[in-house]
Amino acid sequence: MIFGLMLAVQFQSIQEPQVRDTRDMWQLREALKTEQMMQSELLLEIRKYEELIDTYENDESQSAEKTLKETVEELKKEAGLTEVTGEGITITISPLFEESLTQTETNSVAPDLLKRLLNELNSYGAESISIDGRRVVNTTVIRDINGKTKIDGYSLHSFPLEIKVIGEDAEKLFSRLNGSTVMDTFAVDNLRLSISEPKGNMTIPPYDDVIRVQNMKPFEKGENS
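Residues numbered from 1 in each chain as written. Predicted model: local features only at pLDDT ≥ 70, side-chain atom pairs only at ≥ 80, totals over all residues. Heavy atoms only, no water.

Peer 1: Just checking my understanding: could you explain the overall build of the protein for this structure?
Peer 2: Across its full length, the protein holds seven helices and nine strands. A burial count over the protein gives 27% of its 225 residues as buried. Sequence separation of 24 or more characterises 79% of the internal contacts of the protein that already satisfy a separation of 6 or more. Carbon together with sulfur atoms contributes 52% to the accessible area of the protein, which is approximately 16300 Å² in total. (Helix = DSSP H or I, 4+ residues; strand = E, 2+ residues; numbered from the N terminus. Buried < 20%, exposed > 50% of the residue type's maximum accessible area, 1.4 Å probe, protein only. Contact = heavy atoms within 4.5 Å. Areas by Shrake-Rupley, 256 points an atom, 1.4 Å probe, with all protein chains shown as cover.)

Peer 1: Would you mind going over the pattern of salt bridges with me for this structure?
Peer 2: Opposite charge on two side chains makes pairing possible when the charged atoms of those side chains draw close. The final tally for this structure, using the stated rule, is three salt bridges. R134 serves as the salt-bridge partner of D208, at 2.9 Å between the closest nitrogen and oxygen. Here the residue D208 occupies a position in the segment after β9 (199-204), and R134 occupies one in strand β3 (residues 134-136), the gap between them amounting to 74 residues. Connected via shared salt-bridge partners are R134, D208 and D209. (Salt bridge = Lys/Arg side-chain N within 4 Å of Asp/Glu carboxyl O.)

Peer 1: What am I meant to see in a negative patch on the surface here?
Peer 2: Residues E87, E127, E168, D169, E171 and E197 make up a contiguous surface patch of negative charge. Mapped onto the elements of the fold, D169 is located in the loop between β7 (161-167) and α6 (170-178). (Patch = residues over 30% accessible without salt bridge, like charges linked within 9 Å, V, L, I, M, F, W, Y side chains within 5 Å. Lys, Arg positive; Asp, Glu negative; His and termini not counted. Charge placed at Lys NZ, Arg CZ, Asp CG, Glu CD.)

Peer 1: Hey, could you run me through α6 in this one?
Peer 2: Inspection of α6 places A170, L173, F174 and L177 among the buried residues, and these make up the whole buried set. Down the axis of α6, the sector holding all buried residues measures 100 degrees, keeping them to one side. Where the residues of α6 are buried, they touch β1 (84-95), α5 (111-123), β2 (126-131), β7, α7 (182-188) and β8 (191-195). Its side-chain oxygen 3.4 Å from the backbone nitrogen of E171, D169 forms the N-cap of α6. (Arc of directions from axis to C-beta. Polar contact = N/O pair within 3.5 Å; in protein donor to acceptor, adjacent residues only side chain to side chain.)

Peer 1: What am I meant to see in α5 here?
Peer 2: Given 3.6 residues per helical turn, the α-helix brings residues three or four places apart onto the same face. Between the first and last C-alpha of α5 there are 18 Å, a value that for 13 residues agrees with the 18 Å anticipated at 1.5 Å per step. Trailing α5 by a residue or two, G125 shows a phi angle of about 100 degrees, which is positive. (Expected span 1.5 Å × (residues − 1).)

Peer 1: Is there a simple way to think about the sheet that holds strand β5 (residues 148-151) in this case?
Peer 2: Across the sheet, which stays open at both edges, the three strands sit in the order β4-β5-β6 with antiparallel pairing between neighbours. Whereas interior strands pair on both sides, the edge strands pair on one side only; in this sheet they are β4 (142-145) and β6 (154-155). Sheet topology note: the β5/β6 ladder contains two bridges and is antiparallel. Paired with K150 across the strands is S155, a residue of β6. (Pairing = 2+ DSSP bridges.)

Now the structure itself:
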């Protein structure tokens, strides 16, 4: 019986080979970077709300109404609904070579390129970003519509394209971006990235469209949680 059981297990393992992960090194690194960013953001969120709970519980001199108002303002700021001013950098995207040299027309930036640039910026500590004067928020959609790259429905069809970035450490943001390979990636599509030196008092406008929230509704007393 033991011999028969061992034979059956061996036969089963032969019939069901292990499935290998076929992603290449770049895809694995991108996936790891995304997971690390999510973990970092979650830890920051946990720390922030733990401090907020302490404020509610320990600061008796501060009214609940005032604390709630401050919380709402903080959430509006995080959602990109308020104007932000701080130290940051400006990224200018323009054609690398003239059309007469390449014999091809460069009239827009591919959505995937913009998304990769945004991922790079977020991983380097960017806090607020605008593209061509449009604020980038968590619900921002960048996609190709009828051959034109659009951000939340607005076309990005002219050069130079200006991207403003504000971060807690603009110097670090500047050096990390200059040392990355993202410039080479854009050069493949005949695009040049020009990065300004960090400067203070940069202003990024608020998100001015309606943020649509789905599958959520206000909690009413008496409802089951």
